[in-house]
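# Summary of structural features
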Amino acid sequence: MKTLIIYGQNHQGSTYHIGKELADKIGGDTKEYFLPKDFGEFCLGCTNCFMKGEEACPHHEKLKPIVEALDEADVVILTSPVYVLHSTGSMKAFLDHLGYRWMVHRPEEKMFKKQGVCISTAAGAGMKSTNKDMADSLFNWGIPKIYKYGMAVAATSWEEVSEKKLAKIHKDTDRLATAIKNNHGKVKPSAKLKAWFMLCRFIQKNGYNPKDMEHWNEKGWTADKRPWK
Ligand SMILES: Cc1cc2nc3c(=O)[nH]c(=O)nc-3n(C[C@H](O)[C@H](O)[C@H](O)COP(=O)(O)O)c2cc1C
């Protein structure tokens, strides 16, 4: 099983340790990327990715290794500490670069068989909105099974996290890793994901962006083919 972790932060604090612990418990091959160290560009808003193709993004070469790792992975873990109730700017800047892969544009069919995990930690609050920031992308990329794990660590560093909280984190990551391993190769799209795909298919049938329409037609999705079959 191949796991990709994209950390929304460079440093190795609470969020890093929880993500790493989960990946270690899942086992297999793990690839890690740290943001912004491994990709720190802001989207320039040129819309080249949407209109001309992702290769026309000014940051394409820098992004390419992460996108290749994304396509190869069975499990995609995104992590972020809560910053003002949301994901870090680094995580958001990375996710912006994959807007072209959203369901309304050109989703990659490999995504429809993967599992995704969103992990966030906060001093006190904001894990729900932070995990949603990341889960919105996983869902719109087409990932059918998404787990969200938020922990209010009541700390600003891993060393400060209490024994009680650490015990809970260890138990929760055990449970999460077991679920992920059990579901490997068995995930199916939910009714919500299928409905969203079908609505986007309808949009593409009456399309407005030739690049997106070409993708849907080539895949056979505007006809009878489906990415999860
Ligand atoms: C810029 C910034 C904004 C933060 N905003 C929040 C917040 O909105 N809510 C919260 O509970 N904690 C907030 N925190 C605290 C961190 O989310 C918390 O300490 C987190 O566990 C840090 O994770 P790390 O150890 O992986 O860096 C903020 C910290 C920073 C640096």
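Structure: see above.
The text that follows walks through the structure, step by step, so that each part is easy to find. (Residues numbered from 1 in each chain as written. Predicted model: local features only at pLDDT ≥ 70, side-chain atom pairs only at ≥ 80, totals over all residues. Heavy atoms only, no water.)

### Description of unusual backbone geometry
Using the following cut-off: Segments assigned H or I by DSSP are reported as helices when at least four residues long, segments assigned E as strands when at least two residues long, and all are numbered from the N terminus.
Cis geometry is found at the peptide bond from Leu35 to Pro36, where omega equals 10°. Along the chain, Pro36 turns up in the loop between strand 2 (29-34) and helix 2 (48-51). Although it is not a glycine, Thr47 adopts a positive phi angle of roughly 60°. Positionally, Thr47 belongs in the loop between strand 2 and helix 2.

### Some thoughts on the site of the ligand
For clarity, the cut-off: In these notes, residues near a molecule or strand are those with any non-hydrogen atom within 4 Å of it. Polar contact is the term for a pair of N or O atoms within 3.5 Å; when the atoms are in protein, one must be able to donate a hydrogen and the other to accept it, and sequence-neighboring residues count only if both atoms are side-chain atoms. Accessibility throughout is a Shrake-Rupley quantity obtained with a 1.4 Å probe, and a residue counts as covered only by protein chains that appear here. Residue polarity is assigned by list, with Asp, Glu, Lys and Arg as charged and Ala, Val, Leu, Ile, Met, Phe, Trp, Tyr, Cys and Pro as nonpolar; anything else, Gly included, falls into the polar class.
Near the ligand there are 17 residues, and of these His11, Thr15, Val82, Thr121 and Gly124 occur at the shortest range. For the ligand, a nitrogen atom lies 3.2 Å from a polar atom in the backbone of Ala123. A distance of 2.9 Å separates an oxygen atom of the ligand from a polar atom in the backbone of Ala125. Relative to its unbound accessible surface of 650 Å², the ligand loses 72% to contact with the protein. Among the secondary structure elements, those contributing two or more residues to the shell around the ligand are helix 1 (14-26) and strand 4 (115-122). Class assignment of the residues belonging to the shell around the ligand gives a composition of 10 nonpolar, seven polar and no charged.

### A word on the packing of aromatic side chains
Stated formally: A pair of aromatic rings is counted whenever rings of Phe, Tyr or Trp (Trp by its six-membered ring) have centres within 6.5 Å, and the orientation is called stacked for planes under 30 degrees apart, edge-to-face for over 60 and tilted otherwise. Type-normalised accessible area, obtained with a 1.4 Å probe on protein chains alone, sets the label of each residue: buried when under 20%, exposed when over 50%, and partly exposed for intermediate values. Sitting over a ring, as applied to charges here, requires NZ of Lys or CZ of Arg to be within 6 Å of the ring centre and within 35 degrees of the ring normal.
What the rule picks out here adds up to 11 aromatic pairs. Ring geometry for Phe112 versus Phe197: centroids 6.2 Å apart, planes at 85°, classification edge-to-face. One end of the pair, Phe112, is in the loop between helix 4 (89-96) and strand 4; the other, Phe197, is in helix 7 (residues 191-205), and 85 residues separate them in sequence. Its relative accessible area of 0% is what places Phe197 among the buried residues. Ring geometry for Phe197 and Trp228: centres 5.1 Å apart, planes at 75°, overall edge-to-face. One end of the pair, Phe197, is in helix 7; the other, Trp228, is in the segment after helix 8 (210-219), and 31 residues separate them in sequence. On the accessibility criterion, Trp228 (16% relative accessible area) is buried. Connected via pairs of aromatic rings, a cluster forms that spans Phe112, Phe197, Trp216, Trp221 and Trp228. A cation over an aromatic ring shows up here: Lys192 above the ring of Phe139, its NZ or CZ 4.7 Å from the ring centre.

Keep in mind these numbers describe shape, not what the thing actually does.
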